[in-house]
Amino acid sequence: EDKVVQSPLSLVVHEGDTVTLNCSYEVTNFRSLLWYKQEKKAPTFLFMLTSSGIEKKSGRLSSILDKKELFSILNITATQTGDSAIYLCAFGGSQGNLIFGKGTKLSVKP
Amino acid sequence: GAGVSQSPSNKVTEKGKDVELRCDPISGHTALYWYRQSLGQGLEFLIYFQGNSAPDKSGLPSDRFSAERTGGSVSTLTIQRTQQEDSAVYLCASSAYRGASGSWYNEQFFGPGTRLTVL
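Fair warning: this is a prediction, and the values are worked out from it, not measured in the lab. (Residues numbered from 1 in each chain as written. Chains lettered and ligands numbered in written order. Predicted model: local features only at pLDDT ≥ 70, side-chain atom pairs only at ≥ 80, totals over all residues. Heavy atoms only, no water.)

Caption draft 1: Structural context of the interface of chain A and chain B. Contacts between the two partners involve 21 residues from chain A and, on the opposite side, 24 residues from chain B. Together, the buried faces of chain A and chain B total about 1,700 Å²; carbon and sulfur atoms form 51% of this surface. Linking chain A with chain B are 0 salt bridges, by the criterion used here. Summed over the shared surface of chain A and chain B, the result is 2 residue pairs in polar contact (both at pLDDT 80 or more). Among the secondary structure elements, those contributing two or more residues to the side of chain A that touches chain B are β4 (32–38), β5 (43–49), β9 (85–92) and β10 (98–100) of chain A. Top contributing element to the side of chain A that touches chain B by residue count: β4(A), with 4 residues. Of the residues assigned to the side of chain A that touches chain B, the class counts are 9 nonpolar, 9 polar and 3 charged. (Contact = heavy atoms within 4.5 Å. Buried area = accessible area lost by both parts, 1.4 Å probe. Salt bridge = Lys/Arg side-chain N within 4 Å of Asp/Glu carboxyl O. Polar contact = N/O pair within 3.5 Å; in protein donor to acceptor, adjacent residues only side chain to side chain. Helix = DSSP H or I, 4+ residues; strand = E, 2+ residues; numbered from the N terminus. Nonpolar A, V, L, I, M, F, W, Y, C, P; charged D, E, K, R; others polar.)

Caption draft 2: Layout of the environment of Ser5(B). Mapped onto the secondary structure, Ser5(B) falls in strand β1 (residues 5–7). Of the residues examined, Ser5(B) reaches a relative accessible area of 32% and is grouped as partly exposed. (Buried < 20%, exposed > 50% of the residue type's maximum accessible area, 1.4 Å probe, protein only.)

Caption draft 3: Fine view of the packing of aromatic side chains. This structure, assessed with the given rule, holds 9 aromatic pairs over all chains. Consider the rings of Tyr36(A) and Phe110(B), whose centres lie 5.4 Å apart with planes at 85°: the pair is edge-to-face. With Tyr36(A) in strand β4 and Phe110(B) in strand β9 (residues 109–110), the pair connects residues from two separate chains. As far as burial versus exposure is concerned, Tyr36(A) and Phe110(B) are alike and both buried. With centroids separated by 5.5 Å and ring planes inclined at 90°, the aromatic side chains of Phe100(A) and Tyr35(B) adopt a geometry described as edge-to-face. Placement of Phe100(A) in strand β10 and of Tyr35(B) in strand β4 (residues 31–37) is noted, with the two residues assigned to different chains. Of the two residues, Phe100(A) and Tyr35(B), neither departs from the other in class, the shared state being buried. Taken together, the aromatic side chains of Tyr36(A), Phe45(A), Phe100(A), Tyr33(B), Tyr35(B), Phe45(B), Tyr48(B) and Phe110(B) make up a single cluster linked through ring pairs. (Phe/Tyr/Trp six-rings, centres within 6.5 Å; stacked < 30°, edge-to-face > 60°.)

If you want it as structure tokens, here you go:
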């Protein structure tokens, strides 16, 4: 059975800290791995990763995939209170479907 | 351009009643997905529609749940005889088809969700 596991489940940091969120997966027919940020209701798309070792970057956020070890990390540098959210990792299948992990709840304190 | 829209944004109902939740996908997106998110939980896949293919209903938790997609666009998720455990946020997402390369994009764009409360 395809599985996506995120860690930690929750994390509390202070503004300015750097955080690393982890996502490991056991899936068949891997196609892509996606990261989403969920603040209130709708998850918003952050990154899609398909190739190992190629970092994707957007401002203070970056992510990388290791297809050999079957994991991905999401880094956030110089965290701000606005980064407080649930970060979701999802495996993308060949039919366009997504299988989500349970998410990491990040709280950034002033 | 408009994103995915859902209605209503909130729905409170009594146990045993039927509810209908609506989703309007992004124009041109031929794939549509329904998820459920209970308090403190991740997204639970319910059903998805891809173009004209038969929907994948493998995630529906019981036969009280059904969904339709009319004209390849708007979708309605129906929950019959609601139970308190049905209380959750129901999220809809859509994605596009690559066309020439013959595969589906994995990037899904989510609507704001419908918060369902069953009393």
